[in-house]
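Structural overview for review
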Amino acid sequence: MQLKWIEDLLAIEQTHSFSRASELRFVTQSALSRRVKSLEDWVGVELVDRGTYHHPLVPILLDRDKFAGITLGHEDFIPVSAPDDRGKPIFSLPGTTDAPLPYLAYTATTFMGRVVDMILNSADAPYHLRSCYEADMAMLLMKMVVERYGVAWLPVSAVAEEIAAGRLVQAGHDTWTAQLEIRCYRAIANANPTLQDLWQSLDNTSSCEHVEDDAPV
């Protein structure tokens, strides 16, 4: 095993994005993906879930007798829009009947699409959206939002740089947002010692973060 493989994994955990992690690691996204796949082949288990986050109301259904999970962190999931000349969102929730917001959506089979549905279904106020585009990937939706095609829900880590640069703004108050858990899962039956060491390290890190969060200020 090469040390850079672990550093790759830590970059992905930090950014929650292969594209941003590849920038941190000064490699192409395809090269980073190949290196992570090499690490997964070496330990004999998938280490990176390339498709989902976790939310209690949209659970990932795994047999608890066969899989263990730990929470590594949390991620805010927010609606965003390109700003106007005053820095206000061009498309601001909830929209109106006469002018429904152009909605850049995740495809129905994606986890994030189900989270957006959960947010909308639990909304306190009526909303008015006009679906105009669908994609599987958050980064593609982000590019469409930057180019002023509409509003989309995205993880904060994916849009933090664009918000800081003033290219995106939050498109609604906090009732239109959700908080996701970033979780890691492993097969309990897998006794690979390297995997066990990695899992223990992640578990220790997660425990330390929880203690720090709860510590008095």
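Predicted, not measured: the structure shown is a model, and the values here were computed from it. (Residues numbered from 1 in each chain as written. Predicted model: local features only at pLDDT ≥ 70, side-chain atom pairs only at ≥ 80, totals over all residues. Heavy atoms only, no water.)

Re helix α3 (residues 29-43)
To be explicit about the condition: Runs of E in the DSSP output that reach at least two residues are strands. Runs of H or I that reach at least four are helices, and both are numbered from the N terminus. Given the number of residues in a helix, its expected span is that number minus one, multiplied by 1.5 Å. Three exposure classes are used, based on accessible area relative to the maximum for each residue type with a 1.4 Å probe and protein chains only: buried under 20%, partly exposed in between, and exposed over 50%. As used in this structure description, the phrase polar contact means that two N or O atoms lie within 3.5 Å; if the pair is within protein, one of them must be able to donate a hydrogen and the other to accept it, and residues adjacent in sequence are counted only when both atoms belong to side chains.
Here α3 spans 21 Å end to end across 15 residues, near enough to the 21 Å set by a 1.5 Å rise per residue. Among the residues making up α3, those that are buried are Ala-31, Leu-32, Arg-35, Val-36, Leu-39, Glu-40 and Val-43. Capping the start of α3, Thr-28 holds a side-chain oxygen 3.1 Å from the backbone nitrogen of Ala-31, two or three residues further along. Phi for Gly-44, located one or two positions after α3, is positive at around 80°.

Describing the packing of helix α5 (residues 138-146) against helix α6 (residues 156-164)
Condition: Axis angles are defined between N-to-C directions and span 0 to 180 degrees, where every axis is a line fitted to C-alpha atoms and, for a helix, only to the segment in contact. Small angles under 35 degrees read as roughly parallel and large ones over 145 as roughly antiparallel, with 65 to 115 read as roughly perpendicular and the rest as oblique. Handedness of each helix crossing follows the sense of rotation of the near helix against the far helix: counterclockwise by less than a right angle gives left-handed, clockwise gives right-handed. It only takes one pair of heavy atoms within 4.5 Å for two residues to be counted as in contact. Here the term charged refers only to Asp, Glu, Lys and Arg, the term nonpolar to Ala, Val, Leu, Ile, Met, Phe, Trp, Tyr, Cys and Pro, and the term polar to all other amino acids, Gly among them.
Two elements in contact, α5 and α6, have axes whose closest approach is 11 Å; the angle formed by their N-to-C orientations is 25°. Between α5 and α6, the interaxial angle falls into the category roughly parallel. Seen along the crossing, α5 lies across α6 with a hand that is right-handed. Across the interface between the two elements, Met-139, Met-142 and Val-146 from α5 touch Ala-158, Val-159 and Glu-162 from α6. Grouping the amino acids of the contact of α5 with α6 by side-chain chemistry returns 5 nonpolar, no polar and 1 charged.

Notes on the packing of aromatic side chains
What counts here: Between the rings of Phe, Tyr and Trp (Trp by its six-membered ring), a pair exists once the centres lie within 6.5 Å; its type follows the angle of the planes, with under 30 degrees stacked, over 60 edge-to-face, and the other angles tilted.
Using the criterion set out here, one finds 3 aromatic pairs in the structure. Residues Tyr-103 and Trp-153 carry aromatic rings whose centres are separated by 6.0 Å and whose planes lie at 90° to one another, so their mutual orientation is edge-to-face. Separated by 50 residues along the polypeptide, Tyr-103 in strand β2 (residues 101-106) and Trp-153 in strand β4 (residues 152-155) bring together distant segments of the chain. By the burial criterion, Tyr-103 is buried, and Trp-153 matches it. Taking the centre distance of 6.4 Å and the plane angle of 85° together, the rings of Tyr-127 and Trp-176 count as edge-to-face. Of this pair, Tyr-127 sits in the loop between α4 (111-121) and β3 (129-135) while Trp-176 sits in the loop between β5 (169-170) and β6 (178-187), and the two are 49 residues apart along the sequence. Judged by relative accessible area, Trp-176 falls into the buried class, the value being 3%.

Some remarks on the environment of Ile-70
Take Ile-70: it is sitting in strand β1 (residues 67-81). Residue Ile-70 is classed as buried on the basis of its relative accessible area of 11%. Setting aside residues no more than four positions away along its own chain, Ile-70 makes contact with Ile-182, Arg-183, Cys-184, Trp-199, Leu-202 and Asp-203.

Brief notes about α6
Because each turn of an α-helix spans 3.6 residues, side chains separated by three or four positions in sequence point in the same direction. Filter applied, for reference: Working definition: the arc comes from the directions between the helix axis and the C-beta atoms, pointing outward to the latter.
Within α6, the full set of buried residues consists of Ala-158, Val-159 and Glu-162. Projected onto a plane normal to the axis of α6, the buried residues spread over an arc of 60° and lie on a single side. Two residues or fewer after α6 comes Gly-166, characterised by a positive phi angle close to 80°.

Regarding the confidence of the model for the protein
Going by this rule: Confidence scores per residue from the predictor, reported as pLDDT, run from 0 to 100.
Across the protein, pLDDT averages 81, with 82% of residues at or above 70. Of the regions scoring below 50 in pLDDT, residues 209-217 engages in 2 contacts with residues more than four places distant in sequence or in other chains.

Re the nonpolar core
To keep it simple, the criterion reads: Throughout, nonpolar core names a set of buried Ala, Val, Leu, Ile, Met, Phe, Trp, Tyr and Cys residues whose side chains join them through atoms within 4.5 Å.
Within the largest apolar cluster, 55 residues are counted, with the highest numbers of intra-cluster contacts made by Leu-47, Phe-77, Tyr-106, Val-115, Trp-153 and Leu-154. Among the elements that make up this core, the one with the highest residue count is α4 (7 residues). Ignoring sequence-local partners within four residues, the contact set of Trp-153 consists of Phe-77, Ile-78, Pro-79, Leu-93, Tyr-103, Tyr-106, Val-116, Ile-119, Leu-120, Leu-129 and Trp-176.

Concerning the side chain of Thr-107
The residue Thr-107 is located in the loop between β2 and α4 in this model. Judged by its relative accessible area of 17%, Thr-107 is buried. At 2.3 Å, the side chain of Thr-107 forms a polar contact with the side chain of Asp-136. Each residue touching Thr-107, except ones within four places of it in the same chain, is listed here: Gly-113, Glu-134, Ala-135 and Asp-136.

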